[in-house]
Amino acid sequence: MAGSGLKRRRRRRIHLSKLYTLTCTQAFFKQDHSQIGGPGYSRLVFINEPDSPEADSSSYSDNYVRTTKYTLATFLPKSLFEQFRRVANFYFLVTGVLSFTPLAPYTAASAIFPLLFVIGATMVKEGVEDWRRNKQDIEVNNRRVKVHRGDGNFDSKEWKTLSVGDIVKVEKNQFFPADLVLLSSSYEDAICYVETMNLDGETNLKVKQGLEVTSSLREDFNFKGFEAFVKCEDPNANLYSFVGTMELKGTKYPLSPQQLLLRDSKLRNTEFIFGAVIFTGHDTKVIQNSTDPPSKRSMIERKMDKIIYLMFFMVVLMSFIGSVIFGVTTRDDFKDGVVKRWYLRPDSSSIFFDPKRAHVAAFYHFLTAAMLYSYFIPISLYVSIEIVKVLQSIFINQDIHMYYEEANKPARARTSNLNEELGQVDTILSDKTGTLTCNSMEFIKCSVAGTAYGRGVTEVEMAMGRRKGSPLVLQSDDVEYNKEPFAEEAKVKGFNFRDERIMNGNWVTEPHADVIQKFLRLLAVCHTVIPEGDEDTEKISYEAESPDEAAFVIAARELGFEFYNRTQTSISVRELDLVTGKRVERLYKVLNVLEFNSTRKRMSVIVQDEDGKLLLLCKGADNVMFERLSKNGREFEVETRDHVNEYADAGLRTLILAYRELDEKEYKDFSVRISEAKSSVSADRESLIEEVTEKVEKDLILLGATAVEDKLQNGVSMATDVPDCIDKLAQAGIKIWVLTGDKMETAINIGFASSLLRQDMKQIIINLETPEIHSLEKTGEKDAIAKASKENVLLQIINGKTQLKYAGGNSDAFALIIDGKSLAYALDDDIKHIFLELAVGCASVICCRSSPKQKALVARLVKSGNGKTTLAIGDGANDVGMLQEADIGVGISGVEGMQAVMSSDIAIAQFRYLERLLLVHGHWCYRRISTMICYFFYKNITFGFTLFLYEAYTTFSSTPAYNDWFLSLYNVCFSSLPVIALGVFDQDFPLLYQEGVQNVLFSWRRILGWMFNGFYSAVIIFFLCKSSLEPQAFNHQGKTPGKEILGGTMYTCIVWVVNLQMALAISYFTLIQHIVIWGSILVWYLFMTVYGELPASISTSAYRVFVEALAPSLSYWVITLFVVVSTLLPYFIYSAVQMRFFPMYHGMIQWLRYEGQCNDPEYCDMVRQRSIRPTTVGFTARLEAKKRSVRRSEPES
């Protein structure tokens, strides 16, 4: 038997009706339970006759899949609609339309060009992205598969041509082209192996099995004349459910998820399968699950909208003031035959300057001014920010420091909308398993028959040893062991267990050897693992659905019970015989597998051994297993409970193992009832199954408990004295909450191991483990229990707040720990805000036994309650709600599948990459975007306010100071590239992360400061240029400057000022920034030269102005230098004074570098403490606490 199992590398064929569907059942229906044909269950499929009239009448969707946002016909209208939904773009569209009227102060072409450029650039970007998606669609839709053509032959056809009811033949390593009902396969019992990595990211193979009635259809010709009729559920997004019936030759057979093969899954380790198409195209479950990245907007983007509205208000206000003054002046222009503004010819004018209709002229002037002052609004702001954010996302995706080589997984920004939000995170809500930990399990300890075995040392125990200030020594049965003797032994993955008492077969000499034998046998038999033999190494590896399962089977093998073969109905184990002391091969017939789920919290198998005994082997969580023990099965309960609590203290995950013997009558009764429940096609099918299993999983006999370690990820544990990821996040002032489903003891000790907790912290523990609540629970009065529990939780929260109050706000001394039951009441509407106040006042918060819904509710509470940015990070499907509720959702692409990643905004492979994502990319993106937006409004105010001042100087005659194309190209050509370079390349110091949390760089004070800078710059430029050019001749010919020379000189000064202002604002110069800043100035001179050489009909007022008037004049160059220096001098003086006497956080760091004090730890610490809020958790905080403790003890000594 053993030799045949290792002769070739292959999967053992498994009769899945035995393993995964609880029992091999025949069709059985109860009319009162059946939902088929009702709402949600109305799909009818005629198999192998897709062209029949009945099938045509169904008009199901075809199998062509389109993931693009646009089609060729809808691209233009839909894309334009998307662009003009933005209020700024719509405003420019209105002014562009008005530019075709006589009201326009400039030509229509100069107004339309910038709008077309900006809109066109954005549309091209979206078009290119959509074109790439279209190429992927074409490749997928044109894949080929063999399809039955009706005469027993199969032809190769494209996926997109498939119809509902077609029979297809999929071969090994091919993807399934649609959702199929499995009919048969190359295996006799119609099983096949499926890889679902594209759906859920899981690499473990899933086993599917067709109905027994169709399993014989294994040849192409078998399908000639084959017909069947399927009724099933309507298309939905649930990947793990399927309810239906197949009618074949007048008999109905139930269909379950075991017969469903999902589109984009791959056929593995099976030569071929035949399947019937049930769902096509956009009806398939994978497409139903496909969603765009979550649509979220950052705080900065929302605030930017308010600034835009403020600018609109300013434009309207200036237009109104100007129109009022213009109306009054126009009314007084022509009195008693005297003309004041004779050059406007009011005596012969139409409406615009007609003194008799001054009110109408004022209204027209308002419209004209609203168009002229539109340059206050930065037309290229949106497109520039989009370009910058896309480039920032590329930098995140390409960052080699966030690339996880072991799994070949880089970081991936699924949306670029939240880049700057990463630099403003105040609170991190983290899952534990797979996030802080690896979800890579190692069997390390166990308790059997009341005796604790295993002397492996966990990371949590090492942290506890450091916490107690002594080397870790683990005591077991008064025997003292050290870690070193086995430290260098060859390690087996998933097995870190050491104990000579039961290893190497020594367990046979233990006092309860018979219990140990049953314990190890249960580990080797109670599972759904698939063995795989390697003919080269003659070793067996295991394919398990979870890391825990694999660890248990490996542990059983290493301790002498080797599971090596699985057939259709049996499990084969090599085990040590207690009587003979020799290894024997035993066969266990598998009758039923009662699967594990989050509700049951246990799994069982019913097997028959070689002696004919019927055994129910069960393993599960302690809170569900102890209550299922029989009176005579509790012999070791007290000791086992103590050991389980000790294991939880050591941060280990525990399961209780128990068994019972069944008599034949009891099993037959169970088999009939489970068959009926399993065969029921109804919404309450699961509850029926639960009722049946509940009655058989009772009166168990306790064997013991297992303890596996889920190791902390790199950068999370405190294996060295180097500050880790959590420590650096804590130094940045970010609070970290842990939300886990683990027991409170486990969560607390993981907290100590990761330095979220430390010894001198006062723990505020909120739970319902009180005598009063326990006595009420025994009465079973739900209303009374709920009322008392709520009052108890509220009282504990109030007491916790009182402790905080008397501590004087010293938040680093407190940690809040709350369990799931208490959290349910703490999240009630009338308590949740009090709970949040308590939680925010604590340094660490750990929520234990949290359900997925509770995680989402906590995320919502924190996000809405404190008004600051909240980030949630997790790796499993149970974290999806939390990720979607938080401002930013970060998914970890771990071993629990891809559900979290698919629902996240950003995906990373390891928790430790969060440090670089936030402290480097996040902070830089926040600083760049904040400065970029402020600078945009500064440069537009500088430019736009000179237009207002010039119009005021000309008594609001609607005359622009600059040439039409000077106006149009200011934002597009002469000032746009430097600000984009700033948004992409500027850097400063990651230590300054709190700038983002406190929103220092994008506060209203800073925004208004930049705006004020723009206003006074415009005032200085206008009045200095006007005053310098007014009183004297401009050139050697004695000509005085006109509007063209004044406008050209002012424009030159503006281009210089705004670009040099950018140079002053940049913290980190690169070659690219030098090129774009000086290049923008150079482009202005080149444009003025080339444009001025065009015919006068085109260049109009700019015709040869630079070549003939400005360039030859020394005063032009002198005025430019004088005005530029004068305009920038106030900002330079302000910056110098601020840097010297009132430095901001980054200024302090610059002084550190300048004065050579980078290596002065005291000065650096002083700067750090001034730049961030005090560190409350992490290794650094632990060292600080030790220092304080030493300082307090010094006087006493």
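About the cut-offs
- Residues numbered from 1 in each chain as written.
- Predicted model: local features only at pLDDT ≥ 70, side-chain atom pairs only at ≥ 80, totals over all residues.
- Heavy atoms only, no water.
- Salt bridge = Lys/Arg side-chain N within 4 Å of Asp/Glu carboxyl O.
- Helix = DSSP H or I, 4+ residues; strand = E, 2+ residues; numbered from the N terminus.
- Buried < 20%, exposed > 50% of the residue type's maximum accessible area, 1.4 Å probe, protein only.
- Pairing = 2+ DSSP bridges.
- Patch = residues over 30% accessible without salt bridge, like charges linked within 9 Å, V, L, I, M, F, W, Y side chains within 5 Å.
- Areas by Shrake-Rupley, 256 points an atom, 1.4 Å probe, with all protein chains shown as cover.
- Lys, Arg positive; Asp, Glu negative; His and termini not counted.
- Charge placed at Lys NZ, Arg CZ, Asp CG, Glu CD.

Chemist: What is the right way to read the pattern of salt bridges from this model?
Modeler: Opposite charge on two side chains allows them to pair when their charged atoms are near. Taken as a whole and assessed by the stated rule, the structure comprises 43 salt bridges. Among the ionic pairs, Asp399 bridges to Arg916, the shortest N-O distance being 2.4 Å. Taken together, the positions of Asp399 in the loop between helix H11 (381-398) and strand S16 (412-413) and Arg916 in helix H28 (residues 913-953) put the pair 517 residues apart, joining distant regions of the chain. Asp399 gets classed as buried once you look at its relative accessible area, which sits at 7%. Given the relative accessible area of 26%, Arg916 is considered partly exposed. Salt bridges here are not isolated pairs; linked through shared partners, they connect Arg602, Glu627, Arg628, Glu690, Glu694 and Glu697.

Chemist: Would you take a moment to explain the pairing of strand S31 (residues 735-739) for this structure?
Modeler: Side-chain positions along a regular strand alternate between the two faces of the sheet. Of all five residues that make up S31, five are buried, and the element is covered over most of its length. Of the two faces of S31, the one lined by Lys735, Trp737 and Leu739 and the one lined by Ile736 and Val738 are each fully buried. Two elements, strand S17 (residues 425-430) and S31, share four bridges in a ladder whose sense is parallel. Bridging across to S31, Leu429 finds its partner in Trp737. Two strands pair when backbone bridges link them, and S31 and strand S34 (residues 844-847) are joined in this way by three bridges, in the parallel orientation. Along S34, the bridge assignment pairs Leu739 with Cys847.

Chemist: Help me understand a negative patch on the surface, please; the structure alone is not making it clear to me.
Modeler: There is a patch of like negative charges on the surface, built from Glu635, Glu639, Asp642, Glu646 and Asp649. Its place among the elements puts Glu635 in the loop between helix H15 (622-625) and helix H16 (637-649). With a relative accessible area of 59%, Glu635 lands in the exposed category.

Chemist: Explanation requested: unusual backbone geometry in the structure shown.
Modeler: For residues other than glycine, phi is negative in most cases, and the peptide bonds are mostly trans. With a phi close to 70°, Asn173 is a non-glycine residue in the positive phi region. Position of Asn173 among the secondary structure elements: in the loop between strand S4 (167-171) and strand S5 (179-185). Of the residues examined, Asn173 reaches a relative accessible area of 42% and is grouped as partly exposed. Backbone geometry at Thr1100 places phi at a positive 45°, although glycine is not the residue there. In this structure Thr1100 comes out as partly exposed when scored by relative accessible area, which is 42%.

Chemist: Got a minute to help me understand the sheet that holds S5 in this structure?
Modeler: Two pairing modes exist for strands in a sheet, parallel and antiparallel, and in both the strands are linked by backbone hydrogen bonds. With antiparallel pairing, the six strands of this open sheet are ordered in space as S3-S2-S4-S13-S5-S11. The open sheet is flanked by strand S3 (154-158) and strand S11 (260-261), the only strands paired with a single partner. Pairing of strand S2 (residues 144-148) with S4 involves two bridges; the strand directions are antiparallel. For Val147, the partnering residue across the bridge sits in S4 and is Val168.

Chemist: How should a nonpolar patch on the surface be read in this particular structure?
Modeler: A cluster of nonpolar side chains, namely Phe313, Leu317, Phe320, Ile321, Val324, Ile325 and Val328, defines an oily patch on the protein surface of about 610 Å² accessible area. Relative to the elements of secondary structure, Ile321 occurs in helix H9 (residues 299-331).

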